[in-house]
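# Structural characterization, general
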Amino acid sequence: MADADSQRCVSALLNGITQRLYYGNTEITEEFLKNELYAETTQDEFRALHDKMRSLLKSMASADMDQTQLEAFLTAQTRRQGGGGVSPEQAVALGRFWKTHRTRVRESLLAQSRWEPGLRGLKWRVDLHTSASRGQVSNSPVALVELELGRTGESSEFVCLEFDEQKVNLVLKKMAELQDSIDSVVHRS
């Protein structure tokens, strides 16, 4: 029975840490978790447990561990000498917790790392102008580009652009320069 209670408290602690760390729930504080889950432990003991579980969660989240990686990671943690490892009960609680929360934590990390507003969609087509504004006949091609921009949870804004052949070539040249810059940085490291 004590093992089940211990696992339940560790699971609740992990849930609280995740709520604050990844889901932005500021109502869940370290003090709240201590009072609700570990009222009988000292502040130092609780802080050590909290920091250890937080660190393990961050490691699991940053590596986006699958089940095989998680099992190897937890096995290594249970075999650690000294106070740095986890008990078998804590390892079971961590495994169960990660199995159910992995996808949501990953989605939260992705959402936190996105620049806002983001590009939601892009549509383009090539048309022919059949007449100019002064009534002159002009069969020149133009590229029409529609960008859909928006923030998460808000409605989109649309930006429409019109390029002649010269502007399209300029955009392609700039994109090639940008790609070269990215390649030089990526290949350097």
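For clarity, every value in this text was computed on a predicted model and none was experimentally measured. (Residues numbered from 1 in each chain as written. Predicted model: local features only at pLDDT ≥ 70, side-chain atom pairs only at ≥ 80, totals over all residues. Heavy atoms only, no water.)

## Observations regarding the overall build of the protein chain
As a reminder, the rule being used: Comment: elements are numbered from the N terminus, with helices defined as DSSP H or I runs of at least four residues and strands as E runs of at least two. A 1.4 Å probe rolled over the protein chains alone gives each residue an accessible area, and that area as a share of the maximum for its type sets the label: buried under 20%, exposed over 50%, partly exposed in between. Residues are treated as being in contact if the distance between any of their heavy atoms lies within 4.5 Å. What sets the accessible areas is the Shrake-Rupley method with a 1.4 Å probe; for residues, cover comes only from the shown protein chains.
On a plain count of helices and strands, the protein chain comes out with six helices and three strands. Of the regular secondary structure in the protein chain, the N- to C-terminal order runs α-α-α-α-α-β-β-β-α. Projected onto its principal axes, the C-alpha positions of the protein chain cover 90 × 40 × 25 Å. Expressed as a percentage of its 189 residues, the buried residues of the protein chain come to 25%. When contacts within the protein chain are restricted to residue pairs at least 6 apart in sequence, long-range pairs at least 24 apart make up 52% of them. For the protein chain, the computed accessible surface area is about 13400 Å², with 52% contributed by carbon and sulfur atoms.

## Describing the side chain of Ser-108
Residue placement: Ser-108 occurs in helix H5 (residues 88-113). For Ser-108, a relative accessible area of 12% gives the class buried. Residue contacts for Ser-108: discarding those within four places in its chain leaves Tyr-22 and Tyr-23.

## So, the confidence of the model for the protein chain
Applicable threshold: A score from 0 to 100, pLDDT tells how confident the predictor is in each residue.
For the protein chain, per-residue confidence averages 87 on the pLDDT scale, and 92% of positions sit at 70 or higher. Looking over the protein chain, one finds the lowest element-wise mean pLDDT in strand E1 (residues 118-131), namely 85, and the highest in helix H3 (residues 43-63), namely 93.

## Things to note about unusual backbone geometry
Of note in the backbone geometry, Asp-64 takes a positive phi value of approximately 45° without being a glycine. Examined against the element boundaries, Asp-64 turns out to sit in the loop between H3 and helix H4 (67-79).

## Some words on the packing of aromatic side chains
When we look at a pair of aromatic rings, we describe it by the centre distance and by the angle of the planes. This is how the line gets drawn: Ring pairs are drawn from Phe, Tyr and Trp, using the six-membered ring of Trp, whenever the two centres fall within 6.5 Å, and their geometry is named by plane angle: stacked under 30 degrees, edge-to-face over 60, tilted for the rest. Either the NZ atom of lysine or the CZ atom of arginine qualifies as a charge over a ring when it sits within 6 Å of the ring centre and within 35 degrees of the ring normal.
Counting across every chain of the model gives one aromatic pair. Centre to centre, the rings of Tyr-38 and Phe-46 are 5.8 Å apart; their planes meet at 45°, and the pair counts as tilted. Its relative accessible area of 1% is what places Phe-46 among the buried residues. The aromatic ring of Tyr-23 is capped on one face by Arg-104, whose charged end is 4.0 Å from the ring centroid.

## Brief notes about H4
This is how the line gets drawn: Expected helix span is taken as 1.5 Å per residue step, with the number of steps being one fewer than the number of residues. Directions are taken from the helix axis to each C-beta atom, and the arc is the one they span. Polar contacts, as counted here, are pairs of nitrogen or oxygen atoms within 3.5 Å of one another; within protein the pair requires one atom able to donate a hydrogen and one able to accept it, and residues that are adjacent in sequence qualify only if both atoms are side-chain atoms.
The end-to-end C-alpha distance of H4, which contains 13 residues, comes to 18 Å, matching closely the 18 Å that a straight helix rising 1.5 Å per residue would cover. Of the residues making up H4, those classed as buried are Leu-70, Phe-73, Leu-74 and Gln-77. All buried residues of H4 fall inside an arc of 95° around its axis, so they share one side. Of the exposed residues in H4, the ones pointing more than 90 degrees away from its buried face are Thr-68 and Arg-79. Residues of H4 that are buried sit in contact with H3 and H5. Where H4 begins, the side chain of Asp-66 points an oxygen toward the backbone nitrogen of Thr-68, at a separation of 3.2 Å.

## Points about the pattern of salt bridges
Note the cut-off: Definition used for salt bridges: Asp or Glu carboxyl oxygen within 4 Å of a side-chain nitrogen of Lys or Arg.
Enumeration over the complete set of coordinates arrives at five salt bridges. Arg-106 is the salt-bridge partner of Asp-64, the closest N and O atoms lying 3.0 Å from each other. Here Asp-64, found in the loop between H3 and H4, pairs with Arg-106, found in helix H5; they are 42 residues apart in sequence, far enough to count as distant. Residue classification places Asp-64 among the partly exposed positions, given a relative accessible area of 21%.

## Regarding the packing of H3 against H4
Formally: Comment: axis = line fitted to C-alpha atoms, over the contacting stretch for helices; angle = value between 0 and 180 degrees taken between N-to-C directions. Roughly parallel means an angle under 35 degrees; roughly antiparallel means over 145; roughly perpendicular covers 65 to 115; every other angle is labelled oblique. The crossing is said to be left-handed when, going from far helix to near helix, the turn is anticlockwise and less than a right angle, and right-handed when the turn is clockwise. Polar here means any residue outside two lists: the nonpolar Ala, Val, Leu, Ile, Met, Phe, Trp, Tyr, Cys and Pro, and the charged Asp, Glu, Lys and Arg; Gly therefore counts as polar.
Axis separation between H3 and H4 bottoms out at 11 Å; the angle between their running directions is 155°. The angle between H3 and H4 places the two elements in the roughly antiparallel class. Two packed elements cross with a definite hand, and for H3 against H4 that hand is right-handed. Touching Leu-56, Ser-59, Met-60 and Ala-63 of H3 are Gln-69, Leu-70, Phe-73 and Gln-77, all from H4. Counted by class, the contact of H3 with H4 contains five nonpolar, three polar and no charged residues.

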